[in-house]
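Chain and residue survey
Listed below are the residues making up each chain.
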Amino acid sequence: MSTTDALLYSSDHTFKELIAHAQRYGFIYPSSEIYDGLQSIYDYGPYGVALKRNLQNFWWQSMTQLHQNIVGIDSAIMMHPTTWKASGHIDGFSDPMVDNKDSKKRYRVDLLIEEHAMQLVSQGKSNQSKGLMEAMERCLAAGDLPGLDELLQQFGIVCPLSKTADWTPVRQFNLMFSTQVGAQNDATTIYLRPETAQGIFVNFLNVQKTARMKIPFGIAQVGKAFRNEIVARQFTFRMREFEQMEMQFFIQPGTEKCWFDYWQENRKNWYSSLGIEQEKINIYPHKQLAHYATAAVDIEYAFPFGYKEVEGIHSRTDFDLTSHQHYAKKKLQYFDPDLKKSYIPYVIETSVGLDRLVLMLLSNALTKENNPVNEERTTSRTYLKLPPPLAPIKSAIFPLVNKDGLAEKALTLFDQLKYDFPLIYEATPSIGKRYARQDLIGTPYSITIDYQTLEDETVTIRERDSMRQYRIHMSEITHHLASTTSIKSLLLQLKK
Ligand code: GAP
């Protein structure tokens, strides 16, 4: 992300409001909040977990159901420790960090410098900012830690807390969490996986053979990953325990450019199908590549704090399989029946953070609107404009009043629909408040049973976004909800 990009974002709500909304309306809570929380760890509430599951299902189905040649697995979080030697994570998965001697706080140097560069832009010193960013990128690419020390001093970058530049030398810190398995005096150190991808690589031949896959083919996985992120900030954007949705696509060497382009296009369309406007998505080609990649792009979303990565697409060559073959001393080759020869496949990876996607969707959905009632008066309304197939609750069902058999009729409807849709039944007196509560959690439809229902079996449907109200026959409700709130309706968008 360039510094100017970060300043160019526009947003009609602040990030603080978004965090408050997510906490207040049952989406995301700080973990172990009664003990004042645990930094960078979060729990999902009733609506958050439903939103997250819906997103996950959409991703999973768009990968494994729409592609005949992509299958799924669910591998363990704990893996043989040599996995991480082979993957390069033991030696290379670290960030340059620096401690301020006065505040005793530790920072990721690149983020500290990036923040200073953004301040320079806001002070009208764009050239200095550009120079600083370029110098930092050169140092990072060369692993030049003393160079980073020098930049901190040269630009007078201070600790945001102590306001001093009394820094320790920049050092590399490994981001993996370790733990012990086995009896204490005979314990082995293992790691909580920092990415789900390695579970796919080590199962490459198992899956290829048992599911009879032919190259090109993909393996998809959704699961937890853990990183000891030092700079904990921006809510669920950077967590220590998070969920990844990764897909490794195994291909014939030499076809990587074509498949890299294919997956970029495919994934861009996926974001469009979620209703994310094109200008809110940025494709950022990496200048500094991870140890395993020969080409990489980030898909960035315009968060209230700037364009930031939600997904990475990486061309990983045969790095991982070759390395596992070496460390495990087992052949990880594929016999290509068309070419009549064996080779280690190349890999294109798509890797997206599920928690970041949830944050992106909430950020995109939180809408504040002023609606004129008459010439003198306007009312304001806050609602979550979530894509209906991802909304935690598909419809609310209300009896107009809690008497004359309307509640019974509404409950009968609830019992009929509950097998197909997550619903909320509510019989509190104020219709306005009922609508407002559903708007805040993003429920796309509210259905009201009134006196006319008793006569002709029609109900009033109120739409969340337009607030339009219309009557339909009760027999049409299932079709009406299914056609607009099913994951299938999103999958069909991908066809266009
Ligand atoms: N297997 C490749 C890989 O792990 P990555 O760019 O390090 O690549 C992929 O991570 C995605 O995982 C990111 O685009 C992001 O969405 C998510 N992610 C990474 N670190 C995260 C963190 N600390 N908190 C939340 N999501 C994170």
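Because the structure is a prediction, the values reported are computed rather than measured.

The secondary structure content of the protein chain amounts to 18 helices and 23 strands. The C-alpha radius of gyration computed for the protein chain amounts to 26 Å, which stays within 12% of the reference 23 Å derived for 496 residues, consistent with globular compactness. Viewed in the frame of its principal axes, the protein chain has a C-alpha envelope of about 80 × 65 × 50 Å. When each of the 496 residues of the protein chain is scored for burial, the buried share is 51%. Across the protein chain, contacts joining residues at least 24 apart in sequence account for 66% of those joining residues at least 6 apart. Surface accessibility of the protein chain: about 23,600 Å² in total, with carbon and sulfur atoms responsible for 51%. When the 55 basic and 57 acidic side-chain charges of the protein chain are each reduced to a single mean position, those positions are 2 Å apart.

Let us look at the packing of helix α2 (residues 15-24) against helix α13 (residues 354-365). Where α2 meets α13, the axes come as close as 10 Å, and the angle between the chain directions of the two elements is 110 degrees. Here α13 runs roughly perpendicular to α2, going by the angle between their axes. Between α2 and α13, the contacting residues are Phe15, Leu18 and Ala22 on the first element and Leu359, Leu362 and Ser363 on the second. For the contact of α2 with α13, a count of residues per class yields five nonpolar, one polar and no charged.

Moving on, we get to the side chain of His314. Looking at the element boundaries, His314 is found in strand β13 (residues 306-317). Polar contacts involving the side chain of His314 include one to the side chain of Glu349, which spans 2.5 Å. In this structure His314 touches Phe260, Tyr292, Ala293, Ala295, Ala296, Val347, Ile348 and Glu349, once residues within four positions along its chain are discounted.

Attention now goes to the packing of aromatic side chains. Taken as a whole, this structure holds 22 aromatic pairs when the rule is applied. Measuring from centroid to centroid gives 6.0 Å for Phe204 and Phe217, while their planes differ by 10 degrees, and the two rings are stacked. Pair noted here: Phe204 is in helix α10 (residues 204-210) and Phe217 is in strand β9 (residues 217-226), with a separation of 13 residues, a long-range link. Exposure class is identical for Phe204 and Phe217. Each is buried. Aromatic side chains Tyr334 and Tyr343 sit 5.9 Å apart centroid to centroid with 65 degrees between the ring planes, which places their arrangement in the edge-to-face category. The burial state of Tyr334 is the same as that of Tyr343; both residues are buried. An aromatic cluster is defined as three or more aromatic residues linked by ring pairs; in this entry it consists of Phe15, Phe237, Tyr301, Phe303 and Phe305.

Most of strand β4 (residues 94-99) sits inside the fold, with five of its six residues counted as buried. One ladder, built from four bridges, connects β4 with strand β6 (residues 171-174); its direction is antiparallel. Opposite Ser94, over in β6, you have Asn174 as the bridge partner. In the sheet, β4 pairs with strand β5 (residues 106-108) via three bridges, with the strands oriented antiparallel. Paired with Val98 across the strands is Tyr107, a residue of β5.

What counts and how
Along every chain, residues carry numbers that run from 1 in the direction the sequence is written. The predicted nature of this model means local features are confined to residues of pLDDT at least 70 and side-chain atom pairs, given and counted, to a pLDDT of 80 or more, with totals for whole chains, interfaces and linings taken over all residues. Side-chain numbers here rest on the full set of heavy atoms in the structure, without hydrogens or water. Strands here mean DSSP runs of E at least two residues long; helices mean DSSP runs of H or I at least four residues long; both are numbered from the N terminus. Computation of the radius of gyration draws on C-alpha atoms alone. For the globule rule, the value is 2.2 Å times the number of residues to the power 0.38. When accessible area is computed with a 1.4 Å probe and restricted to protein chains, residues below 20% of their type maximum are described as buried, those above 50% as exposed, and intermediate ones as partly exposed. Note on definitions: a residue-residue contact is assigned when non-hydrogen atoms from the two residues lie within 4.5 Å. Surface accessibility in these figures is a Shrake-Rupley result with a 1.4 Å probe; residues are shielded only by whichever protein chains are displayed. Asp and Glu are treated as the negative residues and Lys and Arg as the positive ones, with His and the ends of the chain left uncounted. To locate a charge, the coordinates of NZ of Lys, CZ of Arg, CG of Asp or CD of Glu are taken. Fitting a line to C-alpha atoms yields each axis, with helices limited to the stretch in contact; the angle taken between N-to-C directions then spans 0 to 180 degrees. Relative orientations are named as follows: roughly parallel for angles under 35 degrees, roughly antiparallel for angles over 145 degrees, roughly perpendicular for angles from 65 to 115 degrees, and oblique for any other angle. Nonpolar residues are Ala, Val, Leu, Ile, Met, Phe, Trp, Tyr, Cys and Pro. Charged residues are Asp, Glu, Lys and Arg, and all others, Gly as well, are polar. Each polar contact in these results corresponds to two N or O atoms within 3.5 Å; when the atoms are within protein, one needs to be able to donate a hydrogen and the other to accept it, and residues that are neighboring in sequence are counted only if both atoms are side-chain atoms. Planes of paired rings set the category: under 30 degrees apart is stacked, over 60 is edge-to-face and the rest tilted, where pairs are Phe, Tyr or Trp rings (Trp by its six-membered ring) whose centres lie within 6.5 Å. Two strands qualify as a pair provided DSSP detects at least 2 bridges between them.

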